[in-house]
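# A closer look at the structure
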Amino acid sequence: MGVLMSTLNTEVVAGWLADYAQTIEQNAEMLTDLDRQIGDADHGSNMKRGTKAVAELEASEFADAAALLKKAGMTLVNTVGGASGPLYGTFFLRVAKALPADGEISAGQWGEALRAGLQGVIDRGKASVGDKTIVDALTPAMDALDAAASGGAGVAEALDAAAKAAAEGRDATVDLVARKGRASYLGERSRGVQDPGATSATLLVESAARTLG
């Protein structure tokens, strides 16, 4: 199973946030192209602006990982336009609130914190699996993380499972008809396009798998 516990501190979280910002920058054009087909054509540019601001936060200025993630959430709310800012901001705010104190952290504890983030997204956006949103990637990711943790997996293995499940959820949005957000206005015409939010959410989970284990 490998190492069962990993380290939680501001430096580790800052590494996750920086990796995500870099990943968003590398994929911004793709995200915007997806959004051009079923949204406002700004998801990539909005997420790039917000994650860049988050990555510029100085880890040493925060008392613990939770404080850094709380600031990250507020920064996203204030810098990312459209629906994504409040959704991603709420995700990080809820994760921050659910995190244990800095130190050793298990896959199960990461699962609890990240699921709290997912619940925040659901509470804020009122979306369910099948609505063609960020929830379609995050829900299977959290289910896979929980299942792996319950089976005794370490943090790295559990997050890898979450990333694979997120990608499967993202891919499944292609065949869905959007029921939330601007894409819902297109009705049946929204089918056939991968959801931009589920795509950026998958990038977030994949980034976590690279940096938090």
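Residues numbered from 1 in each chain as written. Predicted model: local features only at pLDDT ≥ 70, side-chain atom pairs only at ≥ 80, totals over all residues. Heavy atoms only, no water.

For the structure shown, the criterion picks out 3 aromatic pairs. An aromatic cluster is defined as three or more aromatic residues linked by ring pairs; in this entry it consists of Trp16, Phe91, Phe92 and Trp110. (Phe/Tyr/Trp six-rings, centres within 6.5 Å; stacked < 30°, edge-to-face > 60°.)

Right, let's talk about the side chain of Ser200 for a bit. Position of Ser200 among the secondary structure elements: in helix α8 (residues 196-211). A relative accessible area of 0% means that Ser200 is categorised as buried. Polar side-chain contacts of Ser200 include one of 2.6 Å to the side chain of Tyr88. (Helix = DSSP H or I, 4+ residues; strand = E, 2+ residues; numbered from the N terminus. Buried < 20%, exposed > 50% of the residue type's maximum accessible area, 1.4 Å probe, protein only. Polar contact = N/O pair within 3.5 Å; in protein donor to acceptor, adjacent residues only side chain to side chain.)

Attention now moves to the pattern of salt bridges. Evaluation of the coordinates by the stated rule reveals 9 salt bridges. Two residues, Arg115 and Asp143, come together in a salt bridge whose shortest N-O distance is 2.7 Å. Pair noted here: Arg115 is in helix α5 (residues 107-125) and Asp143 is in helix α6 (residues 135-150), with a separation of 28 residues, a long-range link. Owing to a relative accessible area of 41%, Asp143 belongs among the partly exposed residues under this scheme. Here Arg115 and Asp146 are joined by a salt bridge, their closest N and O atoms 2.8 Å apart. Of this pair, Arg115 sits in helix α5 while Asp146 sits in helix α6, and the two are 31 residues apart along the sequence. (Salt bridge = Lys/Arg side-chain N within 4 Å of Asp/Glu carboxyl O.)

Turning our eyes to something else, we now look at the nonpolar core. Leu69, Leu99 and Leu114 are the most contacted members of the largest nonpolar core, which totals 56 residues. Only α1 (10-38), α2 (43-55), α3 (65-79), α4 (84-98), α5, α6, α7 (155-172) and α8 provide two or more residues apiece to this core. Not counting chain neighbours up to four residues away, the residues in contact with Leu99 comprise Leu8, Ala65, Ala66, Leu69, Ile105, Trp110 and Ala113. (Core = buried A, V, L, I, M, F, W, Y, C linked by side-chain atoms within 4.5 Å. Contact = heavy atoms within 4.5 Å.)

In this section: unusual backbone geometry. Within the chain, Ala41 stands out as a residue other than glycine whose phi angle is a positive 60°. Topologically, Ala41 is positioned in the loop between α1 and α2. Assessed through its relative accessible area of 30%, Ala41 is described here as partly exposed. Phi angles above zero are rare outside glycine, and Lys132 is one such case at about 70°. The topology assignment puts Lys132 in the loop between α5 and α6.

Note on placement: Gln194 falls in the loop between α7 and α8. Here Gln194 falls in the buried class, since its relative accessible area comes to 19%. Between the alpha carbons of Gln194 and Val77 there is a distance of 24 Å; along the sequence they are 117 residues apart. If near-sequence neighbours (up to four positions away) are discounted, Gln194 is found in contact with Leu34, Ile38, Arg170, Asp171, Thr173, Val174 and Thr199. Of note is the side chain of Gln194, whose polar atom sits 2.9 Å from the side chain of Thr199.

This part covers α8. Two residues of an α-helix separated by three or four positions point the same way, owing to the 3.6 residues in each turn. Compared with an ideal rise of 1.5 Å per residue, which puts 16 residues at 22 Å, α8 spans 23 Å between its outermost C-alpha atoms and is within 8% of the ideal. Summarising burial for α8: 13 of the 16 residues are buried, a large majority. Capping the start of α8 is the job of one residue whose side-chain oxygen sits 3.1 Å from the backbone nitrogen of Gly197: Asp195. (Expected span 1.5 Å × (residues − 1).)

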